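# Residue-level structure breakdown
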Amino acid sequence: MRNSALVLLTLNEIEGLEALWSRLPIGEFAEVFAVDGGSTDGTLEFFAARGIPAVIQPIRGRGVAFRVAAEASHAERLVFFSPDGNEDPDDIVRLDDLLIGGADLAIARRFGPGAVNEEDGEVLRLRARVNDTLSRVANGLFGNGGPRVYDTINGFRALRRSALLELATTVKRFPIEYQITIRALQRGWTIGEVPTKEGARIGGERKAASWPVGMDHLKVLATELANVRMLAR
Ligand SMILES: Nc1nc2c(ncn2[C@@H]2O[C@H](COP(=O)(O)OP(=O)(O)O)[C@@H](O)[C@H]2O)c(=O)[nH]1
Ligand SMILES: [Mg+2]
């Protein structure tokens, strides 16, 4: 069995959970638990019925959830999975394998060769373009000319628990992943990516409204840049 934890991130995802549950590699992981942002749609009852512990966050937000997971787990590695339909359960084990193979951070990438994101085939692909631009900027500013990271933002990712703690992240909400990737790039960590096929949301509601979340990513970019300047002085 893997000395890793499969961490399920949920805020009202009952439809996705019901649809995906049989595809999750539960038996492979030493720990499986949920970090929940305050679900009221039966998500918590779903976990309870299956004996899956759910840690309820004191404050809402995915950034908080990442830190709560690191503190709740005893495993060496953490694989974060959000059961809303966007993420392909087949990639869960692949992400952990990248860490076992030596990567410090493993990301399921929705961009680059062999990958598919939710907006492929649409005309404007606005979200995809913003995502791609944010990734290019992060590589350019923090990558030190190292290998390109195609998807600096996707939440479907894995890293060692000690690494997450060491990064001392501060973001409370969505751009936690962007902060993690930027800090990993700055440190010259090995970042492995697996091409993924992003699926459509299965049910419930999206919590990441594009405009405010996009702005939050820019704020993270600004704070991380300011940190670099401060350290350089
Ligand atoms: N634990 C936890 N999960 C959250 C929170 N907010 C959103 N999520 C989960 O994070 C995943 C991604 O959220 P979503 O709204 O689909 O964002 P998008 O995929 O970027 O559009 C879903 O599984 C949500 O249920 C939160 O505050 N806490
Ligand atoms: Mg989603």
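Small disclaimer: the values here were computed from a predicted structure and weren't measured.

Reading the values: rules and limits
Residues numbered from 1 in each chain as written. Chains lettered and ligands numbered in written order. Predicted model: local features only at pLDDT ≥ 70, side-chain atom pairs only at ≥ 80, totals over all residues. Heavy atoms only, no water. Helix = DSSP H or I, 4+ residues; strand = E, 2+ residues; numbered from the N terminus. Rg over C-alpha atoms; globule rule 2.2 N^0.38 Å. Buried < 20%, exposed > 50% of the residue type's maximum accessible area, 1.4 Å probe, protein only. Contact = heavy atoms within 4.5 Å. Areas by Shrake-Rupley, 256 points an atom, 1.4 Å probe, with all protein chains shown as cover. Lys, Arg positive; Asp, Glu negative; His and termini not counted. Charge placed at Lys NZ, Arg CZ, Asp CG, Glu CD. Near = heavy atom within 4 Å. Polar contact = N/O pair within 3.5 Å; in protein donor to acceptor, adjacent residues only side chain to side chain. Nonpolar A, V, L, I, M, F, W, Y, C, P; charged D, E, K, R; others polar. Phe/Tyr/Trp six-rings, centres within 6.5 Å; stacked < 30°, edge-to-face > 60°. Lys NZ or Arg CZ within 6 Å of the ring centre and 35° of its normal. Donors = N, O, S within 2.8 Å, 3.2 Å for Na, K, Ca; no water. Core = buried A, V, L, I, M, F, W, Y, C linked by side-chain atoms within 4.5 Å. Axes fitted to C-alpha atoms, helices over the stretch in contact; angles between N-to-C directions. Parallel < 35°, antiparallel > 145°, perpendicular 65-115°, else oblique. Patch = residues over 30% accessible without salt bridge, like charges linked within 9 Å, V, L, I, M, F, W, Y side chains within 5 Å. Salt bridge = Lys/Arg side-chain N within 4 Å of Asp/Glu carboxyl O. Pairing = 2+ DSSP bridges.

A tally of helices and strands in the chain yields 8 helices and 7 strands. The C-alpha atoms of the chain give 17 Å as radius of gyration, which agrees with the globular expectation for 233 residues (17 Å, within 12%). By its C-alpha atoms, the chain is 55 × 40 × 35 Å across when sized along the principal axes. A total of 233 residues make up the chain; the buried ones form 53% of that total. Across the chain, every contact between residues at least 6 apart in sequence was considered, and the portion connecting residues at least 24 apart equals 75%. In the form shown here, the chain has an accessible surface area of approximately 10800 Å², with 56% of it arising from carbon and sulfur atoms. Here the chain contributes 29 positively and 31 negatively charged side chains, and the mean placements of these two sets differ by 7 Å.

A separate point is the site of ligand 1. Within the structure, ligand 1 sits among 20 residues, and E13, G61, D84, R206 and K207 are positioned closest to it. For ligand 1, an oxygen atom lies 2.6 Å from a polar atom in the backbone of G61. The contact in question runs from an oxygen atom of ligand 1 to an N or O atom on the side chain of N86, over 3.0 Å. Out of a free accessible area of 580 Å², ligand 1 has 91% covered by protein chains. Counting only elements with at least two residues in the shell around ligand 1, the list comes to strand 1 (2–10), strand 2 (29–36) and helix 3 (62–72). Per-class residue counts for the shell around ligand 1 are 6 nonpolar, 6 polar and 8 charged.

Taken as a whole, this structure holds 5 aromatic pairs when the rule is applied. An angle of 70° between the planes, with centres 5.5 Å apart, marks the rings of F81 and F156 as edge-to-face. Remark: F156 occurs in the loop between helix 5 (126–142) and strand 6 (157–160) and F81 occurs in strand 4 (residues 77–81); sequence separation between them is 75 residues. Across this residue pair, the class does not change: F81 and F156 are buried. The ring centre of F46 lies 3.6 Å from the NZ or CZ of R50, which sits over that ring.

For the rest of this paragraph, the subject is the coordination of the magnesium ion (ligand 2). Each pair of donors in an ideal octahedron of six around a metal sits at 90 or 180 degrees, and each pair in an ideal tetrahedron of four sits at 109.5 degrees. Donor atoms from the polypeptide that bind the magnesium ion (ligand 2) are D84 (OD) and N86 (OD1), placed at 2.0 Å. Its relative accessible area of 10% is what places D84 among the buried residues.

Moving on to the nonpolar core. Of all hydrophobic cores here, the largest spans 36 residues; its most connected members are V7, V35, F80, L159, L164, Y178 and I180. Setting aside its immediate chain neighbours within four residues, Y178 contacts L134, A138, T152, I153, H217, V220 and L221. Counting residues in hydrophobic clusters, the runner-up holds 24 residues, among them V32, L99, A106 and A158.

What follows concerns helix 7 (residues 176–186). The buried fraction of helix 7 is high, at 10 of 11 residues. Turning to helix 7, its buried residues are I176, E177, Y178, Q179, I180, T181, I182, R183, A184 and L185. G188 occupies a position one or two residues after helix 7 and carries a positive phi of about 70°.

Once that is clear, we can look at the packing of helix 3 against helix 7. Axis separation between helix 3 and helix 7 bottoms out at 8 Å; the angle between their running directions is 60°. Classified by the angle their axes make, helix 3 and helix 7 are oblique. Of the residues in helix 7, those touching helix 3 at R62, G63, F66 and R67 are I176, E177 and I180. Its residues assigned to classes, the contact of helix 3 with helix 7 comprises 3 nonpolar, 1 polar and 3 charged.

Here we take up a nonpolar patch on the surface. Together, V123, L124, L126 and V130 give the surface a local cluster of nonpolar side chains, amounting to about 430 Å² of exposed area. Along the polypeptide, L126 turns up in helix 5. Relative accessible area serves as the criterion here: at 56%, L126 is assigned to the exposed category.

Every other side chain in a regular strand lies on the same face of the sheet, so the side chains alternate between the two faces. For strand 5 (residues 105–109), the tally of buried residues reaches 5 of 5 residues, placing the bulk of the element in the interior. Covered by surrounding structure in strand 5 are L105, I107 and R109 together with A106 and A108, the residues of both alternating faces. Sheet topology places strand 5 next to strand 7 (residues 191–195); 5 bridges connect them, and they run parallel. Note on strand 7: the bridge partner recorded for A108 is V194.

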